[in-house]
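Spelled out from the first residue to the last, the chains are:
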Amino acid sequence: MTKDQVVSLTQPSRNTKEEKSKEDTRKKIDQKVNQEVEKISKAKTKTPTLEEAEEQKFQDYIVILVDKKGNDILPDAEKLKTKASFLEKVFAATNELTFGFGTSVPNDQARQLQEVINKAYPIAKEIYGQPFFNINVRVEYQPDLIVGGTYNQSLNVITLRSSSEFFNVRETFIHEFLHAFHDDYMIPLMHWEEGMVTQVGNEISDRMDNRLGDHPPYSGYNMDSRCTFSNVQPKIPGLRPGNYLVWACVWDKLYAEGQNFFKRFNANYYSFFKNSTTPLYSFSSSQIENELKKIVYNISPKPEGQDFYAWYKYQYAFWSPTTYAGKYVIKPFPGLVSPSSNNILHYYYVDIQGTFIARNDSAEISGINSNGNIVYKATHMFRDGVLEWQRLALSGFEKVKYTIKTPNAQQVLYNIYGVNLATNEATNGFFGVVNQVQNGNVAVFLAPYPTPVARGKIVNGTFTIPTTGNLRGRFRIVVLNSNNKYVTEKTVTKNYGDYAVLFE
Ligand SMILES: [Zn+2]
């Protein structure tokens, strides 16, 4: 997808106010496309990290064609405005997506994609509800596509990059046809639209392959400020680009608490616009976010036992770079789930525009183990905002808590030993560190919490409870000392798979 593919077509003109807001939208889209293209072309010049590779796998574009005045061309949404009878029909529970294949799709691939539709589309409806519109979606292939796939909501066309690995094509295809569920009413907030689509796509894929799935990034990347801007790639200021997986993990929590979440969300999202005289594209980003939050609040008022609005506020993955304006930020990369043998830190100053500026300051690093002994002490320099040092080679269960101090910022990073973080299998279940006791016990309760579903031992300030890997829902994780006396607890929701919990 290149910028000049955003071509001009004609469309009925709208009033000036709408044109102004459309002009803004168009600029944003142009900017986004440019930035994405720049990002991906840059990424090609180096070997992607694990995190980047994961992101790129799901990176895609939404294409909206614009007319000569810069208005988005959304024919399906236009019908909503112009035909009252269509309004009823468009929200009918019987809306379906039908699919057709363009001539660019080889016959054998079309057959394979049709099999994917036969399996995945019914699962999609089960999880995501009905499509917003009754539309036919055409599928095309483009071998040199810069991303895995695109969805063109003006033309209802999915374009896929052909690949020798059909699994990759399948994953992208599912992702793109989930965008077609919203089509012209696609949520204009990436962390919502892409996050939900990525999560539902993962769930569909897991079910198709009879996997329980694994959802590690959230606990590794969304814990607090140490992980908050794993989604911000500083070369692309002003945008929250593609940490689709971490966004997905936020929505995953609501899905883990109630498997009707997405279905109910979509039903309520559609009916909001059925009853609204204002079309989606007349809302500002913050207005639509507020409306959507109300919808989610009505479905899931207390995620992880907290008030939804308070909970939402601390989904750091959703924060925009300007949240950090005027701050110095140290970020461990790639976080807890790293199989890497090195610890890597990124360090930036964020200016008032939200631009991340790499720093070259010195950093004092000290590491203490579970006995409270200093096991590491050194002063390093950040070079172009990056600092790397080797993890200590320790055996058995142990933790090292590193404190990193620069002249303007401080950060904490844990290395956990005895837990295999290199794997994406659900081998650890709940795992993490405990600072309050060195040795003791952990009891895990699953809502509504009658009796523990699992227990584990705290050894040298670390724990892992592998049997919880195959459980999902809202949990209370209770820390007990070596005399089984209550010390502290946390309430967290996870889907199947591993999940890090830090008792600090
Ligand atoms: Zn997408």
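Our structure's up above, just so we're on the same page.
An account of the accompanying structure is given in this report.

Calculation rules
Residues numbered from 1 in each chain as written. Predicted model: local features only at pLDDT ≥ 70, side-chain atom pairs only at ≥ 80, totals over all residues. Heavy atoms only, no water. Helix = DSSP H or I, 4+ residues; strand = E, 2+ residues; numbered from the N terminus. Buried < 20%, exposed > 50% of the residue type's maximum accessible area, 1.4 Å probe, protein only. Contact = heavy atoms within 4.5 Å. Phe/Tyr/Trp six-rings, centres within 6.5 Å; stacked < 30°, edge-to-face > 60°. Lys NZ or Arg CZ within 6 Å of the ring centre and 35° of its normal. Pairing = 2+ DSSP bridges. Axes fitted to C-alpha atoms, helices over the stretch in contact; angles between N-to-C directions. Salt bridge = Lys/Arg side-chain N within 4 Å of Asp/Glu carboxyl O. Polar contact = N/O pair within 3.5 Å; in protein donor to acceptor, adjacent residues only side chain to side chain. Core = buried A, V, L, I, M, F, W, Y, C linked by side-chain atoms within 4.5 Å. Parallel < 35°, antiparallel > 145°, perpendicular 65-115°, else oblique. Left-handed = near helix turned anticlockwise from the far one by under 90°. Nonpolar A, V, L, I, M, F, W, Y, C, P; charged D, E, K, R; others polar.

1. Quick look at the overall build of the chain
Okay, so step 1: Scanning the chain from N- to C-terminus turns up twelve helices and 22 strands.
Okay, so step 2: Within the chain, the fraction of its 504 residues that count as buried is 55%.
Okay, so step 3: Contacts in the chain between residues far apart in sequence, at least 24 positions, make up 68% of those at least 6 positions apart.

2. As for the packing of aromatic side chains
Okay, so step 1: The final tally for this structure, using the stated rule, is 47 aromatic pairs.
Okay, so step 2: On the basis of an interplanar angle of 35 degrees and a centroid distance of 6.0 Å, the ring pair of F308 and W311 is categorised as tilted. Here F308 pairs with W311, and both are found in helix α12 (residues 308–313), just three residues apart, close to one helical turn. With respect to class, F308 is no different from W311; both count as buried.
Okay, so step 3: Residue placement shows R476 over the ring face of F445; its charged tip is 5.1 Å from the ring centre.
Okay, so step 4: Positioned above the aromatic ring of F430 is the side chain of K494, whose terminal nitrogen or guanidinium carbon lies 5.4 Å from the ring centre.

3. Section: the sheet that holds strand β4 (residues 97–101)
Okay, so step 1: Within the open sheet, the five strands sit side by side as β2-β6-β7-β5-β4. Their pairing is mixed. Every other strand in the sheet has two partners, leaving β2 (60–63) and β4 as the edge strands with one partner each. The mean inter-strand angle of the sheet, taken between neighbouring strand axes irrespective of direction, is 20 degrees.

4. Some details on the environment of P106
Okay, so step 1: Among the secondary structure elements, P106 is positioned in the loop between β4 and α5 (107–128).
Okay, so step 2: As a C-alpha pair, P106 and S162 span 56 residues in sequence and 9.9 Å in three-dimensional space.

5. Section: the sheet that holds strand β18 (residues 452–458)
Okay, so step 1: Read from one edge to the other, the open sheet built from four strands follows the order β18-β17-β20-β21, with strand pairing classed as antiparallel. Pairing within the sheet leaves two strands with one partner each, and these edge strands are β18 and β21 (486–494). Adjacent strand axes in the sheet meet at a mean angle of 20 degrees, parallel and antiparallel pairs treated alike.
Okay, so step 2: Relative to strand β20 (residues 473–481), strand β17 (residues 440–446) runs antiparallel, the two being bridged by seven bridges. Bridging across to β20, F445 finds its partner in R476.
Okay, so step 3: Sitting on the sheet, helix α9 (residues 244–257) is in contact with β20 and β21, with an inclination near 95 degrees to β21.

6. Some thoughts on the pattern of salt bridges
Okay, so step 1: Summed over the entire model, instances satisfying the criterion amount to eleven salt bridges.
Okay, so step 2: Between K294 and E291 there is a salt bridge whose closest N-O contact spans 3.5 Å. Of this pair, K294 and E291 both sit in helix α11 (residues 285–299), three residues apart, which is roughly one turn of the helix.
Okay, so step 3: The structure contains a network of salt bridges with shared partners spanning R170, E171 and D209.

7. Overview of the environment of Q287
Okay, so step 1: Its location among the elements puts Q287 in helix α11.
Okay, so step 2: From its side chain, Q287 meets the backbone nitrogen of S284 in a polar contact 2.9 Å long.

8. Re the nonpolar core
Okay, so step 1: F177, F265 and Y269 are the most contacted members of the largest nonpolar core, which totals 71 residues.
Okay, so step 2: No other element matches the ten residues that α5 contributes to this core.
Okay, so step 3: Non-local contacts of Y269, meaning those with residues more than four positions away in its chain, are made with F132, H182, Y185, M186, I187, L280, L292 and I295.
Okay, so step 4: In terms of nonpolar packing, the next biggest core, distinct from the first, is built from 16 residues, V437, I465, F475 and I477 among them.

9. Focus: the packing of helix α10 (residues 261–274) against α11
Geometrically, a packed helix pair is captured by the angle between its two axes and the distance between the axes.
Okay, so step 1: Where α10 meets α11, the closest approach of the two axes is 10 Å, and the angle between their N-to-C directions is 130 degrees. Viewed along their axes, α10 and α11 adopt a mutual orientation that is oblique. Remark: the crossing between α10 and α11 carries right-handed chirality. Residues F261, R264, F265, N268, Y269, F272 and F273 of α10 form the contact with α11, whose own contacting residues are I288, E291, L292, I295, V296, N298 and I299.
Okay, so step 2: Per-class residue counts for the contact of α10 with α11 are ten nonpolar, two polar and two charged.

10. Describing the pairing of strand β19 (residues 462–465)
Okay, so step 1: Here β19 shows a buried face lined by T462 and T464 and a second buried face lined by F463 and I465.
Okay, so step 2: Bridge count for strand β16 (residues 430–434) against β19 is four bridges, and the pairing is antiparallel. Within β19, the position partnered with V433 by the bridge is T462.

11. Concerning the environment of F101
Okay, so step 1: Position of F101 relative to the elements: it lies in strand β4.
Okay, so step 2: Residue classification places F101 among the partly exposed positions, given a relative accessible area of 28%.
Okay, so step 3: Between the C-alpha atom of F101 and that of I158, which follows or precedes it by 57 residues, the distance is 9.6 Å.
Okay, so step 4: Look past the residues within four positions of F101 in its chain and what remains in contact with it is A110, L113, Q114, I117, R138 and V139.

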